[in-house]
Amino acid sequence: MEYEHSTSAVSPEKNAPEVSSCHRGRHGRGRVLALVFLMMLSGFIGGLVAPVALRFSQEHSFLGGNLVSAPEQQKVTIITEENAVSDLVEKKSPGVVSIVISKDVPKVRSFYGTPFQGFPFFSPFSTPNNGGNSKNTGETEKQKVGSGSGFFISADGLIVTNKHVVADEQADYTVIVNGGTEYPATVLARDPVNDIAIIKIDGKDFPALDLGDSEKIKVGETVIAIGNPLGEFANSVSRGIISGLQRNLDAGSGFGDSERLSGIIQIDAAINPGNSGGPLFNLAGEVIGVNVAMAQGAESIGFSLPINQVKRIAEQVRTTGKITTPYLGVRSIILNKDIQKKNGLPFDYGALVLRGETLTDFAVVPGSPADKAGIMENDVILEINGTHVDVDHSLLTFMGQYNVGDVITLKVWHKGETKDVKVTLEERK
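Not measured: the values here are computed from a predicted model.

Colleague: Tell me what's going on with the overall build of the protein chain, and back it up with residues and numbers.
Modeller: Secondary structure summary: the protein chain contains 6 helices and 22 strands in total. Within the protein chain, the proportion of its 429 residues that are buried is 37%. Long-range contacts, defined here as pairs at least 24 residues apart, represent 62% of the contacts in the protein chain between residues at least 6 apart. In the form shown here, the protein chain has an accessible surface area of approximately 25,300 Å², with 53% of it arising from carbon and sulfur atoms.

In structure tokens, the structure reads:
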């Protein structure tokens, strides 16, 4: 049997013994097998080392000549945000207040008492015992009947809160500032359209909060809510993100009244009874919303009024001492594809001006700004100042953005023709 061997000329060393071709063949095959074994061993070791090396290269980077691991970088980022939140709360909490609602209520004599009276956890929900165990004495006494939150917008004591917090005109309101000092509060104005009210306490040098721009906020942005949940835990803090923008919903207080809220912010930060009227902050420490509602039967769904809606109202109260609400003076429905098809209209957006079910439910209110501008029944208001009128931008929403005396431009479809109409807004009476 013959063996393969190298054919290259190699000079044998001097006096070296001669090796037969058989021995040379075996020696050559041994070298080949050794080489193959080394290659296999190298590949095996490389397969083990490569993933480790790759992971090391991914987890580490060189910054300024120093080796910094990716987990360390992430840790630095997290710590930075945590510090930002804690610093924000420390600096801004003094500008947040608790509002206590008190009222004269019938004095009740209890025969047996309730098992939870005086127990702190149940105190927000406990009520005097009634039914067969109590009796109305005919007398009244001042009692705390509710609570809410608010925040300073001026150093002289102007405070923003929700209208539903101070809706009872027969109640007394007390503001408790950071530190526990109490002040009697006066309700200056309640907005008839938005769930906003302005109250005032006497004093000076109060820590007014900075108001941001709610037009610049984005979904996913971190937000901080501070308030007085359940009327018991003043200046409680919750953190979350903006979950959605331009939400519309009907909000009820649980006492039979409800209100349509438009263009509001959805958040996942915890909002509880008593948080109403408290501020919603961005990480820059600016107020971008006023916390107003939570979704019943759901978790982590809260809502906040955009601060830009509040700025106009606050400025009105600051300069005139009251809230004036402009109006257009039409009855209308918002168009969609179904209404478009049923009525044979050329548009699936806009507000169709229609009369109501009774003779006095005019399509256009006589003497109103719309009437003076020539708006008529069956007209379609397509745009206001260049923005489409639709489900997310109703006429009521637009009116909340303007002041009495403002001149706005309507794009109106009238008897097959489109035209621009100037309207001067007047105060709603």
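Moving on, there is more to tell.
Colleague: Lay out the pairing of strand 20 (residues 407-414) with the relevant residues and their values.
Modeller: Where strand 18 (residues 380-384) meets strand 20, 4 bridges bridge the pair, whose relative direction is antiparallel. Bridged to Ile381 within strand 20 is Val412. Bridge count between strand 20 and strand 21 (residues 417-424): 8 bridges; the pairing is antiparallel. Each bridged residue has a counterpart across the sheet, and for His414 the counterpart in strand 21 is Glu417. Counting the residues between successive antiparallel strands, the hairpin from strand 20 to strand 21 contains 2 residues, one of them, Lys415, with a positive phi of roughly 50°.

Colleague: An account of the environment of Ser300 is needed here, citing residue identities and associated values.
Modeller: Mapping Ser300 onto the fold places it in the loop between strand 13 (287-294) and strand 14 (302-306). Owing to a relative accessible area of 47%, Ser300 belongs among the partly exposed residues under this scheme. Put simply, Ser300 and Ile271 are 29 residues apart on the chain and 7.9 Å apart in space, counted from C-alpha to C-alpha. Excluding residues within four positions of it along the chain, Ser300 makes contact with Ile267 and Asp268.

Colleague: How would you sum up the confidence of the model for the protein chain? Please name residues and give values.
Modeller: Should pLDDT be low for a region, the predicted coordinates there are not to be read in detail. With 69% of its residues at a pLDDT of 70 or more, the protein chain has an overall mean of 76. A low-confidence stretch, residues 1-26 stays under pLDDT 50, and its non-local contacts, those more than four residues away or across chains, total 4 contacts. Predicted confidence for residues 59-68 stays below pLDDT 50, and this span has 17 contacts to residues more than four positions away or in other chains.

Colleague: Kindly report on unusual backbone geometry, identifying the contributing residues and their values.
Modeller: Phi is positive for Asp205, which is not a glycine, with a value near 60°. Within the fold, Asp205 resides in the loop between strand 8 (197-200) and strand 9 (222-227). For Gln246, which is not a glycine, the phi torsion comes out positive at approximately 55°. Mapped onto the elements of the fold, Gln246 is located in strand 10 (residues 236-252). Taking relative accessible area as the criterion, Gln246 reaches 38% and is therefore assigned partly exposed.

Conventions we followed
- Residues numbered from 1 in each chain as written.
- Predicted model: local features only at pLDDT ≥ 70, side-chain atom pairs only at ≥ 80, totals over all residues.
- Heavy atoms only, no water.
- Helix = DSSP H or I, 4+ residues; strand = E, 2+ residues; numbered from the N terminus.
- Buried < 20%, exposed > 50% of the residue type's maximum accessible area, 1.4 Å probe, protein only.
- Contact = heavy atoms within 4.5 Å.
- Areas by Shrake-Rupley, 256 points an atom, 1.4 Å probe, with all protein chains shown as cover.
- Pairing = 2+ DSSP bridges.
- pLDDT = per-residue confidence, 0-100.

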